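Inside the fold
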Amino acid sequence: MSTSTERELPAVAPAVTAELVAALSPRLRKRLDAGITKLAGRPVVRDGDTVRITVDDEGSELELHAPGGVVADAAAIRCGCLLAPDCLHRAAAASAAPVADASADTASAEDADGTAGVGAVEATAQPAPLPGVREIPVPDESATAPQLAAAHAVFEAVAAVLDAGTDGSGAVLQAELLRTAHTARLAGLPRAAAAAVSVVTGVRAARAADPAFRLAELVGAVSEALFVAHRVPHATGAELTALRGTVRQPYTPDGSLRLYGLFSEPVLTASGYAGAVTWTADAEGRLYTVSDVAPGGTGRAVGAADRAVRIGDTALTHRELARAGLAVSGATVSPTGRLGAGAGVRAVRASGVGWRAEPLDRLWAVPVAEQVGRALDGGHELLFLEVTAVGAVREAAGDCLLADCGGVPLRLTAAHDHPALPHRDNLRLLAAVRGSRLRVVARLVAAPHARAQLLATEHPVRAGSRVDVGLDRLQHADLPAPAPPPAAPLAPAAPVHVVRTPDEAPLHLLRRRIEQAASGGRRVLAFPGDSAADVNRLHRHGLGTAGDILDGLLAAAAERSRDAFGRLLPADTGRFARAWLTAARYTDEVDRVLCAAAWGG
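All figures in this text were calculated on a predicted structure; none of them were measured in a lab.

**Overview of the environment of Asp472**
Its location among the elements puts Asp472 in the loop between strand E18 (466-468) and helix H16 (508-520). Relative accessible area serves as the criterion here: at 18%, Asp472 is assigned to the buried category. Along the sequence, Asp472 and Pro422 sit 50 residues apart, while their C-alpha atoms lie 7.1 Å from each other. Among the polar contacts made by the side chain of Asp472, one reaches the side chain of Arg319 at a distance of 2.9 Å. In this structure the side chain of Asp472 is engaged in a polar contact, spanning 2.9 Å, whose partner is the side chain of Arg323.

Structure (structure tokens):
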């Protein structure tokens, strides 16, 4: 049994939260956000699969029963106060807890049977989608009536959140969006359901001032949810199949594999999942992942790398596999390269190789522009780069490492900002290794300039060693010793090559409005002041479409109709959401084009 003052509640299924909030009286709904805040200060006690919270000064306890780390039924949340079960506490606890991934329970059950992959995780800290064995069957023609209704409900709920912004999207709006997510999943729209849950997760992180919150990620989640819900009624055939999505990815036999460890990275998501993912490659340079992700918090993210990988009978930990090898027979692999852990899979430890030896060396031989193009076209987002450290650059989100990548000025950022993970501290130390040429592995960030998240690097001093930036903590002793001062005046030094970031097109004028709306809601754009200057500047730089889109977005935000008596009618949240979606999709596409150009594509 353990006691903690942190909010490490078990994940709660979306339908459970929606059900408990819907059951509240109108009076209690108005008090729900205050109830969540009050509950956050109460002590939490964990006892196996049960979490207890003392909800009042009389000692009344709230219990959450979470077999496998997930509360899957409203009856699993019980309160001992006098007003139970119609009290505020049950809905407050569900609304404060992380949102459960609806496919996580299925994954856990299948793993126990030895027939599926190695867990499920929302893709925030790493891009590998959920593993699995089943797909939702889909018709060939158009969306069904339940799917049309579910898509409409998701669009309306996300539009309401966008209208209110993060500050105005309290627990009631969140619960409504979770209800539509559950409905979408039941109707056979898992992609829309997952996007809606991601919006709720992002809104909660913003409202809680979570240091890991990224406004750009919330914008992406809102854009995805609106786009899928908007397109489903109009799509047919292959487009509709893609928009519907799949709950599980099929695993197919892949015979025998000889794999070589590349690196390992921690996983820590806002939705309550944590663990580690290790990347490997075969002799032809194809990438495979081994993961151990389950409900948990920071402790699991930090410690998962030292757990044995869940494939065969090997005793290798993730940290060891990242530098060793693996021989697998009877392998099963998902379309994204995730290895299954079924009962028929056998695996034994094998020797590894360095990054500068075959077959791993060939990963760095692929031209950078080709790697970026592959990532932008939907392939894996890993980049294998040769860089020269130049120094540090200060940004609003923190310092990043500036590097020269074959003449391209590159900004390497932290993949995660949680203080328990060493990403940010390692970046600061590596920024001091100016002039060192290193091989690194990074994850592409689609931006108008060359930008990527640093995941692993060669050791700055020990040749042949490597550093998993999210797991290994560098020390000052790991850096090259500073050069001693000269004994006598030296001749003038050769000119220093300074890497400069080229001027960017002012697309930020549109992106800023997109982000303002996601954060502050429609009202922050309703009275934008003199926006003509921004529109004119976009036109002057050849971004006439961007200027027109910005003009339309501001007009949709400000438009309010009146009734016959001159009273203002409610804002048209649907029109504003469509205008916002147009702007978000446009900037995403321009970012893709500018990103490819920045890397020389």
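What follows picks up the thread again.
**Things to note about the pairing of strand E14 (residues 398-405)**
Note on strand geometry: in a regular strand, side chains alternate between the two faces of the sheet. Of all eight residues in E14, seven are buried, a share of seventy percent or more. The pairing of strand E13 (residues 382-395) with E14 spans seven bridges and is classified as antiparallel. Each bridged residue has a counterpart across the sheet, and for Gly391 the counterpart in E14 is Leu402. If you look at the hairpin formed by E13 and E14, you'll find two residues sitting between the two strands.

**Some thoughts on the packing of helix H9 (residues 215-231) against H16**
Here H9 crosses H16 at 85°, and the two axes come no closer than 10 Å. The orientation of H9 with respect to H16, classified from their angle, is roughly perpendicular. Here Leu215, Leu218 and Val219 of H9 come into contact with H16, specifically with Ile514, Glu515, Ala518 and Ser519. Looking at the contact of H9 with H16 residue by residue, the classes come out as five nonpolar, one polar and one charged.

**Describing the packing of helix H1 (residues 14-22) against helix H4 (residues 89-96)**
The relative placement of two packed helices comes down to the angle between their axes together with the axis-to-axis distance. Running from N to C, H1 and H4 cross one another at 145°; their axes reach a closest spacing of 9 Å. Where H1 crosses over H4, the two elements pack in a sense that is left-handed. Counted together, Thr17, Leu20 and Val21 of H1 and Arg90, Ala91, Ala94 and Ser95 of H4 form the full contact between these two elements. The residue makeup of the contact of H1 with H4, split by class, is four nonpolar, two polar and one charged.

**Here we look at helix H15 (residues 423-430)**
Where burial is concerned, most of H15 is hidden: six out of the eight residues are buried. Among all positions in H15, only His423, Arg424, Asn426, Leu427, Leu429 and Leu430 are buried. Tucked into the core, H15 has its buried residues touching strand E8 (252-268), E13, E14, strand E15 (408-414) and strand E17 (451-458).

**Section: the packing of aromatic side chains**
Per the stated rule, a full pass over the model turns up three aromatic pairs. Measuring from centroid to centroid gives 6.2 Å for Phe263 and Trp279, while their planes differ by 10°, and the two rings are stacked. Remark: Trp279 occurs in strand E9 (residues 273-281) and Phe263 occurs in strand E8; sequence separation between them is 16 residues. In terms of burial, Phe263 and Trp279 fall into one category: buried. Here Trp364 and Phe384 contribute two aromatic rings whose centre-to-centre distance is 5.1 Å and whose plane-to-plane angle is 75°, an arrangement assigned as edge-to-face. Note that Trp364 is positioned in helix H13 (residues 361-365) and Phe384 in strand E13, a separation of 20 residues in sequence. Here the two residues Trp364 and Phe384 agree in accessibility, since each one is buried. Clustering of aromatic rings is evident, with ring pairs tying together Trp355, Trp364 and Phe384.

Basis of the calculations
Residues numbered from 1 in each chain as written. Predicted model: local features only at pLDDT ≥ 70, side-chain atom pairs only at ≥ 80, totals over all residues. Heavy atoms only, no water. Helix = DSSP H or I, 4+ residues; strand = E, 2+ residues; numbered from the N terminus. Buried < 20%, exposed > 50% of the residue type's maximum accessible area, 1.4 Å probe, protein only. Polar contact = N/O pair within 3.5 Å; in protein donor to acceptor, adjacent residues only side chain to side chain. Pairing = 2+ DSSP bridges. Axes fitted to C-alpha atoms, helices over the stretch in contact; angles between N-to-C directions. Parallel < 35°, antiparallel > 145°, perpendicular 65-115°, else oblique. Contact = heavy atoms within 4.5 Å. Nonpolar A, V, L, I, M, F, W, Y, C, P; charged D, E, K, R; others polar. Left-handed = near helix turned anticlockwise from the far one by under 90°. Phe/Tyr/Trp six-rings, centres within 6.5 Å; stacked < 30°, edge-to-face > 60°.

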